[in-house]
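Observations on chain architecture
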Amino acid sequence: MTRRDFLSALDARPPPFTMPGMNLENKNPFFRPSHLVALAILLSGLCAAGVRAQADDNLLPQLVTQDGRHALIVDGAPFLILGAQCHNSSAWPAMLPKVWSAIDYLQANTLEIPVYWEQFEPEPDRFDTSVVDTIIQQAREHHVRLVLLWFGTWKNGSSHYLPPWMKKQPDKYPRIIGKTGRRVDSPSPHAPATLAADIHAFSALMRHLKTADTQHTVIMVQVENEPGSWNTVRDFSPEAQKLINEPVPVELLKAMGTNAPAVDGNWSEVFGPNADEYFHAWSVAHYIGQVAAAGKAEYPLPMYVNASLRDPLTPGPASTYESGGATDNVLWIWKVAAPAIDVLAPDIYEGDSAKYHKVLELYARPDNALFVPETRGSGAAARMCFAALGQGTIGWSPFGLDYTKYASQPLGASRETEESLAPVALNYKILGPIMREVARLNFEGKLQAVAEEKGEAAQTLDFGNWQAVVSYGVTRNGGPKGNSEPIGRALIAKTGENEFLVTGVFCRVDFKAVSGGQQ
Ligand code: DGJ
């Protein structure tokens, strides 16, 4: 069966996500393994309709952590972001129809969309909220939540979204200086005027959201976009040279615990060959932490920073990736330097699945909720949504899923069509109706989810008194042989001693009693 056939065989579209939120006291559909030993899986249409609860407009979205697991709480209950990020230039009103038609087809419950500083503050201290208001209004019409991306001081390591009145004053709002003394196309994290301007603008945005979005259409905010610097490990300006020779901040030394040196020292005394990179990470994180804290003082939505990654298995030196961003080796620095940032989130464009899995592992930490704000979504990559769920993610959101015809190759499709979006749409078709339950069960540690890997035709999941065996490429005549492409994915949650919630596609699940399980 082709993906397209499979999609059309599914039930008609369930009711769209509606506010207010849902409570979790519902009649969750579940499977009893004793009823179905061999199960060709698809639980779609597990509609949570009828489990809506009263709104409490005072309930702000928030991130909660318990026993090292995390949940994004929206309308008072765990929420799973089944997201899509539009292209960088799709947040202008004229482009929005091509965004919404893709979002509607995908049945994404959340759109990630930029707010451009240059548009938001066209003149100093004059804020234009018209575009963000249009986006919020249209999101409500489409029953979709929003994650707003603040394209502020940093956008992919550069500062191209700064308002023109700032770009015209490079001495006041400087870029960094590379080792050889040349100017690098990356904003300086040691520029008090840029920091003050960003704080001023971002605070205005959050203040506006507080009054314009009392129904919490906006559930989270990304502060900056892939901050850090390409082509230089750090800033070598006179200001930076002075700072790197000062003692390492005491908070950072404390975070090092027993690894901290007995005597205070400057960055190279404490960190040796890592000093340049760690200093830059601290500087960028400390700057962004201040922007986030000021925004939260106005309106405390959950906030995160997305990271351009280094190779998670064989990382090279900092000069080979975006230095200063929240790469896996400096997450600890970011946590200390930017406590107002709730989540450090990996943008995963890895085609190699071993590396993809490694990134998920590195960012899913007791002190960091896993959230994948950008990733490949086309083809077999769609299955990685389930790999992320298996690591407890609060959301997964491929980049560039709109119909604006902007080509995002080699990272995505050359042009999005219903066909190219179908694998992600399939995820959201089966997960959308049960996303509240999935988020809750993950938070409770009851859920396991897997994605098929080449050469691994079956995966066994341990649930204590039961084992669930997920197999791929099973035919009437035998198997499992694996699918011709690794596209299988499954999610299983234990809802009772002998009860399971199961969903997935291109796979089959068998339950085996281990001890105490009833066959
Ligand atoms: C990563 C960035 O964060 C996005 O804004 C976008 O530029 C993509 N790369 C393009 O692939």
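**Regarding the overall build of the protein chain**
- The helix and strand inventory of the protein chain stands at 15 helices and 20 strands.
- Counting only residues that meet the buried cut, the protein chain has 58% of its 519 residues in that class.
- Nonlocal contacts in the protein chain, meaning residues at least 24 apart in sequence, comprise 75% of its contacts between residues at least 6 apart.
- As displayed, the protein chain has an accessible area near 20,200 Å², and 50% of this comes from carbon and sulfur atoms.

**Quick look at the environment of alanine 318**
- Mapped onto the secondary structure, alanine 318 falls in the loop between strand S11 (303-308) and helix H11 (331-337).
- Placed 87 residues apart in sequence, alanine 318 and asparagine 231 show a C-alpha to C-alpha distance of 9.3 Å.
- The contacts of alanine 318, once residues within four sequence positions are left out, are Val233, Glu277 and Ser323.

**Focus on unusual backbone geometry**
- The residue after glycine 479, namely proline 480, is reached through a cis peptide bond having omega 5°.
- Structurally, proline 480 can be placed in the loop between strand S17 (466-471) and strand S18 (489-496).
- Not every positive phi belongs to a glycine, and aspartate 67 is a case in point at roughly 50°.
- A positive phi is found at glutamine 107, a non-glycine position, where the angle reads about 60°.

**Structural notes on the packing of helix H6 (residues 192-212) against helix H10 (residues 275-298)**
- With their axes 8 Å apart at the nearest point, H6 and H10 run at an angle of 30° to one another. One element, H6, and the other, H10, form an angle in the roughly parallel class. Here the hand of the crossing between H6 and H10 comes out right-handed. The residues of H10 that touch H6, namely those facing Thr194, Leu195, Asp198, Ile199, Phe202, Ser203, Met206, Arg207 and Lys210, are Tyr287, Gln290, Val291, Ala292, Ala294, Gly295 and Glu298.

**Section: the sheet that holds strand S4 (residues 77-79)**
- Spatially, the 3 strands line up as an open sheet ordered S2-S3-S4, and their pairing is antiparallel. Bordering the open sheet on either side are strand S2 (62-66) and S4, each of which pairs with just one other strand. On average, each strand axis in the sheet is inclined to that of its neighbour by 55°, with strand direction left out of account.
- Here strand S3 (residues 69-74) pairs with S4 via 3 bridges, running antiparallel.

**Quick word on the nonpolar core**
- Among the nonpolar cores identified, the biggest contains 134 residues, and Leu146, Leu209, Trp267 and Trp334 are the most heavily contacted of them.
- By residue number, the principal contributor to this core is H10, which donates 11 residues.
- Non-local contacts of leucine 209, meaning those with residues more than four positions away in its chain, are made with Ile136, Leu148, Val218, Val221, Tyr299 and Leu301.
- Formed by 14 residues, the second largest nonpolar core is a distinct cluster that contains Leu461, Ile492, Val502 and Val509.

**Section: the confidence of the model for the protein chain**
- For the protein chain, the mean per-residue pLDDT works out to 89, and 87% of the residues sit at or above 70.
- Note on residues 1-56: pLDDT is under 50 here. Beyond four places in sequence and across chains, it has 126 contacts.

Quick notes on the rules
Residues numbered from 1 in each chain as written. Predicted model: local features only at pLDDT ≥ 70, side-chain atom pairs only at ≥ 80, totals over all residues. Heavy atoms only, no water. Helix = DSSP H or I, 4+ residues; strand = E, 2+ residues; numbered from the N terminus. Buried < 20%, exposed > 50% of the residue type's maximum accessible area, 1.4 Å probe, protein only. Contact = heavy atoms within 4.5 Å. Areas by Shrake-Rupley, 256 points an atom, 1.4 Å probe, with all protein chains shown as cover. Axes fitted to C-alpha atoms, helices over the stretch in contact; angles between N-to-C directions. Parallel < 35°, antiparallel > 145°, perpendicular 65-115°, else oblique. Left-handed = near helix turned anticlockwise from the far one by under 90°. Pairing = 2+ DSSP bridges. Core = buried A, V, L, I, M, F, W, Y, C linked by side-chain atoms within 4.5 Å. pLDDT = per-residue confidence, 0-100.

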